[in-house]
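For reference, the chains in residue letters:
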Amino acid sequence: MEERRYQSASGAPLALRCRQHSASCRELAVRCPRLQLRSLSAVTSAVWLAAYGLFALCQVPSPRPPRLLVGTPAEKGGGRLQNSMVLSAAIFLTLIGFIIYLHFVKIDQESLLVIGSLGIQVTSSYASGKESTTFIEMSQVKDVVINEAIHMQKVIYYLCILLRDPQDPQGVSEVVPLFQSSKPRLDCLIEVYKSCHEILDQRKTASQPDGVK
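Every value quoted in this text rests on a predicted model; they were computed, and no experiment measured them.

Draft legend 1. Expanded view of the pairing of strand E4 (residues 107-115). Among the nine residues in E4, nine count as buried, and that is most of the element. As paired elements, E4 and strand E5 (residues 119-126) share eight bridges and run antiparallel to each other. Looking at E5, one finds that Leu 112 is bridged to Val 122. What sits between the antiparallel neighbours E4 and E5 is a turn of three residues.

Set out below in C-alpha cells:
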C-alpha cells in the first residue's frame, strides 16, 4: 500500500492511500485530519460558558417591593435546583451535539474502489465508525473527469463520475461528485484520475472487437 501526502483546498493535510488488489481492482482512499482534543475542548468550554451566562442573566433580580433580606429554605433550594438544571442541560446538549457531529458530519476517510468488471464503490467513513456506501455499475459509468468550479471567488477542482444516459449513449444523465468532504487539491485529484483511467482504459480496450483500435 502506497501513501502520499497532499493538502486540501483549505490547506489542511491529507493522506492518499493507494492499494492495488489486482490488475483491474484498485482502492484509493483520502484520509482527513482527525478530530483534535483542543477543538473539542474549545467547543465544550464555549457551551458551558454560555450556560453559565444564561444562568447569570436569569438570576438578575427584577424590581419588587421591599421584603426581608433573609430567604426561606425553599427559595434557596429552588435556586440550587435552577443552577443544577441549567448545568445539566448544558452537559446534555454538548453530548448530543458531539454525537451528531461525529455520526453525521465529521468524515475521517473517503474511499474509491474501482473494479473494472463490476463498477465503482464510493465509501465515506465517519468519525463514529458509521459508513455510507454507494455502488455504481460499470455499465452506467461514462467517464471520470476533473471539473472546475468557482467558490468564494476561487477556482476549485473536484473529481466526478459521469453517468451514461440510458436514452442517449453519448449523453450524460447525472454527475456524481467525489471527495466532497476532504476537497483535495488538483495534484491529488490528478493521481486519483490517472489511477481510475488505468482501469477504465483497460476495460475499454478489452471490450473492443479484435482489430479495432
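This is not the end of the story, as more comes after the structure.
Draft legend 2. Up close: the packing of aromatic side chains. Evaluated as defined, the whole model comprises zero aromatic pairs. Note that Lys 130 overlies the ring of Tyr 126, its terminal NZ or CZ placed 4.4 Å from the centroid.

Draft legend 3. Looking closely at unusual backbone geometry. The backbone phi angle of Phe 179 is positive, close to 55°, even though this residue is not glycine. Relative to the helices and strands, Phe 179 resides in the loop between strand E9 (172-177) and helix H3 (186-207).

Draft legend 4. Fine view of the sheet that holds strand E7 (residues 141-151). Read from one edge to the other, the open sheet built from three strands follows the order E7-E8-E9, with strand pairing classed as antiparallel. Edge positions in the sheet fall to E7 and E9, since each has one partner strand and no second. In this sheet, neighbouring strand axes are inclined to one another by 35° on average, regardless of whether the strands run parallel or antiparallel. Judged from the 10 bridges that link them, E7 and strand E8 (residues 154-164) form a sheet pairing that is antiparallel. Directly across from Ile 150, in E8, lies its bridge partner Val 155. Sheet strands touched by H3: E7 and E8. Its angle to E7, the strand with the most contacts, is close to 160°.

Draft legend 5. Summary view of the sheet that holds E4. Read from one edge of the open sheet, six strands run E1-E2-E3-E4-E5-E6, paired in antiparallel fashion. Whereas interior strands pair on both sides, the edge strands pair on one side only; in this sheet they are strand E1 (2-7) and strand E6 (131-137). Looking at each pair of strands side by side, their axes are set apart by 15° on average, direction ignored. Those strands touched by H3 are E1, strand E2 (13-22), strand E3 (25-31) and E4, and its axis lies near 165° from that of E3.

Calculation rules
- Residues numbered from 1 in each chain as written.
- Predicted model: local features only at pLDDT ≥ 70, side-chain atom pairs only at ≥ 80, totals over all residues.
- Heavy atoms only, no water.
- Buried < 20%, exposed > 50% of the residue type's maximum accessible area, 1.4 Å probe, protein only.
- Helix = DSSP H or I, 4+ residues; strand = E, 2+ residues; numbered from the N terminus.
- Pairing = 2+ DSSP bridges.
- Phe/Tyr/Trp six-rings, centres within 6.5 Å; stacked < 30°, edge-to-face > 60°.
- Lys NZ or Arg CZ within 6 Å of the ring centre and 35° of its normal.
- Axes fitted to C-alpha atoms, helices over the stretch in contact; angles between N-to-C directions.
- Contact = heavy atoms within 4.5 Å.

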